[in-house]
Structures are given as structure tokens and as C-alpha cells.
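Each chain, written out:
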Amino acid sequence: MSSTNTTINLLLEEALNEPDIGTTNRFRWHATAVGIAALWTDDTAPTTPPFDDALQEGLKVGLDLSREEREFHQVQQGLVLLFHS
């Protein structure tokens, strides 16, 4: 794991302890210093990062993330999909 990923993971873990900006069926949404984070909250772990699900559910909380760069991270709280410019 590179130091960049370690740094991003630490920032995400801190942000996920702050109040969320919305929740949907399978995600809890957070504004972070590195982008919009979607924390997977469903009981069943996905086999691949569920970016399409996040794009659809993001619209329910007023987030159009379709043009954003995307990546995923595994942090202490679980799977996080990160959307950023």
C-alpha cells in the first residue's frame, strides 16, 4: 500500500466519524477533504465495487457524481467508494 493510499484512508476514516450528508438504501454519504465518500452499509458485501449503484443512489441525496473520477478504498468502517474531480 502506498503512502498516498494510507493518507487517503486516514482522511476517509476521520471523515466517516463525522455526521453524514445523507443516507440511501445501501450507502451513507460523507463530504470529505478528498471528495464525496459513499460508505457501503448493506449486509452483503459486493463482489465488485458497486459504482453504478452509488451513482443511482447518489441522485436520491442530490449528488450527480456521473462525471467524477472514482476509486474505492477498504477502511476500518468498511468499503468506501470515493468520487472526486
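All chains use their own residue numbering, which begins from 1 and follows the written sequence. Owing to the predicted nature of the model, reporting of local features is limited to residues with pLDDT of at least 70; listing and counting of side-chain atom pairs is limited to 80 or more, with chain, interface and lining totals taken over all residues. With hydrogens and water excluded, all non-hydrogen atoms of the structure serve as input to the side-chain values.

Colleague: What exactly am I supposed to notice about the overall build of the protein here?
Modeller: A run of H or I in DSSP counts as a helix once it spans at least four residues, and a run of E counts as a strand once it spans at least two, with each numbered from the N terminus. If you tally the helices and strands in the protein, you get two helices and five strands. Secondary structure elements in the protein, listed N-terminal to C-terminal, are α-β-β-β-α-β-β. Compactness check: the protein gives a C-alpha radius of gyration of 12 Å against a globular reference of 12 Å for 85 residues, within 12% of the reference. Considered along the principal axes of its C-alpha atoms, the protein spans approximately 35 × 25 × 25 Å. Residue contacts are defined here by distance: any two heavy atoms, one from each residue, within 4.5 Å place the two residues in contact. Relative to all contacts within the protein whose residues are 6 or more apart in sequence, the contacts with residues 24 or more apart total 52%. Where accessible areas are quoted, they stem from the Shrake-Rupley method and a 1.4 Å probe; at the residue level, only the protein chains shown are allowed to cover. As displayed, the protein has an accessible area near 5200 Å², and 47% of this comes from carbon and sulfur atoms. The sign given to each residue is positive for Lys and Arg and negative for Asp and Glu; His and the chain ends receive no count. All charge positions are set by atom: Lys at NZ, Arg at CZ, Asp at CG, Glu at CD. Computed over 5 positive and 13 negative side-chain charges, the separation of the two mean positions in the protein equals 7 Å. This radius of gyration counts C-alpha atoms alone. The globule rule is 2.2 Å times how many residues there are, raised to the power 0.38.

Colleague: Just to check I follow, could you spell out the pattern of salt bridges for this structure?
Modeller: Close approach of charged atoms allows side chains of opposite charge to pair. The term salt bridge refers to a side-chain nitrogen of Lys or Arg lying within 4 Å of a carboxyl oxygen of Asp or Glu. Under the defined criterion, the tally for this structure stands at two salt bridges. Note that R26 is salt-bridged to D53, the shortest N-O span being 3.5 Å. Residue R26 is located in the loop between strand 1 (22-23) and strand 2 (27-32), and its partner D53 is located in helix 2 (residues 51-60); the two are separated by 27 residues in the primary sequence. Partly exposed residues are those whose accessible area sits between 20% and 50% of the maximum for their type, while under 20% is buried and over 50% is exposed, using a 1.4 Å probe and protein chains only. We classify D53 as partly exposed; its relative accessible area is 24%. In this structure, R26 and E57 form a salt bridge, with 2.7 Å as the shortest nitrogen-oxygen distance.

Colleague: How should I be thinking about helix 2 in this particular structure?
Modeller: Because each turn of an α-helix spans 3.6 residues, side chains separated by three or four positions end up pointing in the same direction. The set of residues buried in helix 2 consists of F51, A54, L55, E57 and G58. In this structure, the buried residues of helix 2 make contact with strand 2, strand 4 (69-75) and strand 5 (78-84). Looking one or two residues beyond helix 2, the residue adopting positive phi is G62, at roughly 80°.

Colleague: How should I be thinking about the nonpolar core in this particular structure?
Modeller: A general tendency of soluble globular proteins is for nonpolar side chains to be buried together. Nonpolar cores were defined as sets of buried Ala, Val, Leu, Ile, Met, Phe, Trp, Tyr and Cys residues, with membership established by side-chain atoms within 4.5 Å. F27, W29, L65, L81 and F83 are the most contacted members of the largest nonpolar core, which has 13 residues in total. Every element with two or more residues in this core is listed here: strand 2, strand 3 (35-40), helix 2 and strand 5. Excluding residues within four positions of it along the chain, L81 makes contact with F27, I36, A37, A38, P49, P50, F51, A54, E71 and F72.

Colleague: I would appreciate a short explanation of the sheet that holds strand 2 in the present structure.
Modeller: Either a parallel or an antiparallel arrangement is found when strands of a sheet pair, and the pairing is made through backbone hydrogen bonds. A pair of strands counts as paired when DSSP detects no fewer than two bridges linking them. Pairing in this open sheet of five strands is antiparallel, and the strands run 1-2-3-5-4 from one edge to the other. Since the sheet does not close on itself, it has two edges, and those belong to strand 1 and strand 4, each with one partner. As a rule, the C-alpha atoms of each element are fitted with a line to give its axis, helices using only the stretch in contact, and angles between N-to-C directions run from 0 to 180 degrees. Relative to strand 2, helix 2 is tilted by about 80°, and along the sheet it contacts strand 2, strand 4 and strand 5.

Colleague: Honestly, the pairing of strand 3 in this entry has me stumped. Any pointers?
Modeller: Within a regular strand, the side chains alternate between the two sheet faces. The element strand 3 is largely enclosed, with a buried count of six among its six residues. For strand 2 and strand 3, the ladder comprises six bridges, and the chain directions are antiparallel. By the bridge assignment for strand 3, T32 is matched with G35. The antiparallel pairing of strand 2 with strand 3 creates a hairpin that spans two residues between the two strands. Inspection of the sheet shows strand 3 paired to strand 5 by four bridges, in the antiparallel sense. Paired with I36 across the strands is F83, a residue of strand 5.

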